[in-house]
Every structure is written in structure tokens, then in C-alpha cells.
Amino acid sequence: MSSQQESAAQRRATLALGLGLVLVVVWGINFSLQKFVFNVVGPGGFLFARYLIMPVCALALLLWRYGRYFPKVTRREFWELARLGVAGHFLHVGMVTYGIHWSTAFSSSLILACGPIFTLLILRLMGLEPLHKAQIAGVAVAFAGVLIFLSDKLLGGQWLATGGDLFLLVAASFFSYYTVAAKPLIERHGGVLTMAYATLLGSVPVVLFALPAGLAAPWGDASLVVWLSLVWSVTVSAFLGWLLWGWVNAVRGVARTAPLMYLMPPVAGLVAWLFAGEQYTGIKLAGAALTLVGVALAQFTGRGAREAPAPVD
């Protein structure tokens with residue numbers, strides 16, 4: 001490689017690192033931003049509006065990438081993409097939306113950071129990868145950290161917030177399934193087509209589910225700031241963020257990019273503390289740190305980083 005090529009590669013790597021850090025900040029802010037929108041139109045209204053916008057983004061992406069003639073898929077692949085859409089959008093995003101509403105921004109970001117744990121468990125259950133001792137220890141440490149993190153809510157009888165956190169844990173498992181199930185489709189058709197088709201197919205059940213809440217939401221009470229926050233959350237944080245994160249992974253590699261995701265809970269917690277008035281005890285912060293250590297141990301031991309996904313939410 002010539003010195004000019006090395007210089008260009010270094011600039012790309014630096015740009016990718018900077019963009020990755022910006023995305024982590026955007027995603028960390030998005031937890032508080034969504035709760036701000038929920039306060040006006042409710043989680044169901046947000047979900048309804050989101051999945052009127054997302055299909056438009058997916059169609060625009062397909063038109064940009066392929067023109068008027070989209071690639072065909074087999075009947076079997078169609079149903080695989082439909083299952084992917086249901087798992088990633090109807091189940092994962094739907095549950096995350098209500099989980100964030102019931103819980104707090106910091107709790108939501110930390111619980112969703114446990115996604116790699118579920119990915120490892122799913123790979124083990126499917127017989128695709130064994131679990132090493134260090135990974136098993138990491139899983140145990142992560143879940144111990146979650147219990148410590150939730151202990152103040154459990155002892156205080158905050159059942160709605162606790163239920164929201166448990167809801168988010170289940171939602172994280174659905175995204176792990178999405179990550180594993182999407183891999184063969186991405187290898188055959190690429191990330192753009194897989195993402196766009198899964199979004200289009202997954203949007204149908206979401207819109208039908210959220211239709212009553214969407215029609216009942218007080219849209220007339222939504223200020224310009226609320227509308228801008230909603231559009232930003234859907235188009236920039238979720239859709240465009242996913243595409244850019246894929247480019248960051250391609251430039252830097254999964255192993256070097258995955259650790260950036262562990263910055264998201266601290267960012268979300270700081271933003272929620274500054275702007276939403278969330279308060280954290282020493283026990284909660286210790287539980288959060290222990291959880292992230294456990295997830296990192298499970299993810300990076302064995303064969304290295306398994307995933308550095310952008311959250312569908």
C-alpha cells in the first residue's frame with residue numbers, strides 16, 4: 001500500500017471513529033428524547049407515527065440503491081424476512097417503546113446493552129457456537145449486575161418501572177434473535193435489502209397494533225419541538241443511524257467498533273440526569289458498572305466480538 005493510500009485509509013478510520021462516537025451520543029440522547037415525545041402523544045402514538053415514517057424511509061433507500069426494479073426473493077426468503085420484521089420491529093421495537101415509557105432512560109439503555117448476552121445464548125441453543133467458561137462467567141456477572149441495578153426498584157415496590165425493565169430484557173432477546181436470523185440473509189442479499197424488506201414487512205403489524213392509540217393521540221397538542229423530536233428520533237437516530245453504523249463497522253471492523261456501544265448507557269444516564277432529573281444511588285451505579293463488565297467479558301472472550309449492532313430502536 002502506498003503512502004497516499006495509507007493516508008486515505010487513516011482518514012477513513014479517523015472519520016469512522018468520530019462518526020461512531022457521534023452515533024453513540026445520538027442514541028444515548030434518544031432515550032430521553034423519546035420519553036419527552038411519549039409525554040405528549042403516548043408510546044402508542046409514537047409507535048404509530050414511527051411506522052408510517054419508517055416504510056417511506058425503507059422505500060426511499062431501495063429506490064436509491066436499486067432504482068425502480070427491486071431485487072426478487074424466493075417465497076421461503078419472503079417468509080424469513082417477514083419473521084425478521086415481526087421479531088425486529090413488531091416485537092423488539094414495540095416492546096422497547098413501552099418499556100422505555102414505563103422505565104427510565106438510564107435503565108432502558110443499560111438493559112438493552114445486555115443484547116450480546118442473549119445472542120450468545122441463542123447461538124448456544126441453536127448449536128452454532130459453544131459457550132466457554134469465561135463467557136458463562138460473564139453471563140452470570142451481567143445478570144448479577146442487573147439484579148443489583150434493579151434492587152432499589154424491587155425493594156421499593158416500584159412494580160411498573162421494574163416491569164418495564166423486565167419487558168426490555170425480553171425485547172433485547174428479540175433483537176438478538178433478529179441479529180442471528182438476519183446474518184444468512186445479509187450474506188445473500190446485503191444489508192440494505194434485508195433491512196428495507198424486513199422494515200416494510202414488519203411495519204404492517206405494528207401499524208395495525210398501534211392504530212387505535214395513533215388515532216386517539218392528541219396530535220393537536222404536539223408542539224413543533226415535539227414533532228421535530230419525533231422525526232429526528234425516527235429518521236436520524238433509528239434509520240440513518242443504522243446505515244451509518246454499518247459503514248463504521250465496515251471501516252473499523254466489528255471487534256474495534258463493538259466497545260463503543262458500552263459508552264451508550266453512561267451517555268443516556270448523563271443526559272437523563274441533566275435534563276430529566278433522574279437520580280442515581282451508589283448501588284445503582286455499581287450494578288450498572290458490573291452489568292457492563294459482565295456483558296463485555298461474555299462478548300469479547302472466546303472468538304472475540306460477535307456483534308456490534310445498531311439497535312433497531
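In short, a report on the structure. In this text, all values refer to a predicted model and were calculated from it rather than measured experimentally.

## Regarding helix 3 (residues 105-112)
1) Next: Most of helix 3 sits inside the fold, with 8 of its 8 residues counted as buried.
2) Next: Buried within helix 3 are the following residues: Ala-105, Phe-106, Ser-107, Ser-108, Ser-109, Leu-110, Ile-111 and Leu-112.

## Some words on the environment of His-101
1) Next: Among the structural elements, His-101 can be located in helix 2 (residues 75-102).
2) Next: Each C-alpha atom, one on His-101 and one on Phe-36, is 9.6 Å from the other, the two residues being 65 residues apart in sequence.
3) Next: Among all residues touching His-101, those that are not within four sequence positions of it are Lys-35, Phe-38 and Pro-43.

## So, the side chain of Ser-107
1) Next: In this structure, Ser-107 sits in helix 3.
2) Next: Judged by its relative accessible area of 1%, Ser-107 falls in the buried class.
3) Next: At 3.0 Å, the side chain of Ser-107 forms a polar contact with the side chain of Thr-104.
4) Next: Non-local contacts of Ser-107, meaning those with residues more than four positions away in its chain, are made with Phe-149, Lys-153, Asp-165 and Lys-284.

## Things to note about the packing of helix 3 against helix 11 (residues 282-300)
1) Next: Packing of helix 3 against helix 11 brings their axes to within 10 Å, and their N-to-C directions diverge by 20°. Here helix 11 runs roughly parallel to helix 3, going by the angle between their axes. Here the hand of the crossing between helix 3 and helix 11 comes out left-handed. Between helix 3 and helix 11, the residues in contact are Phe-106, Ser-107 and Leu-110 and Lys-284, Leu-285, Ala-288, Thr-291 and Leu-292, respectively.

Criteria and thresholds
Residues numbered from 1 in each chain as written. Predicted model: local features only at pLDDT ≥ 70, side-chain atom pairs only at ≥ 80, totals over all residues. Heavy atoms only, no water. Buried < 20%, exposed > 50% of the residue type's maximum accessible area, 1.4 Å probe, protein only. Helix = DSSP H or I, 4+ residues; strand = E, 2+ residues; numbered from the N terminus. Contact = heavy atoms within 4.5 Å. Polar contact = N/O pair within 3.5 Å; in protein donor to acceptor, adjacent residues only side chain to side chain. Axes fitted to C-alpha atoms, helices over the stretch in contact; angles between N-to-C directions. Parallel < 35°, antiparallel > 145°, perpendicular 65-115°, else oblique. Left-handed = near helix turned anticlockwise from the far one by under 90°.

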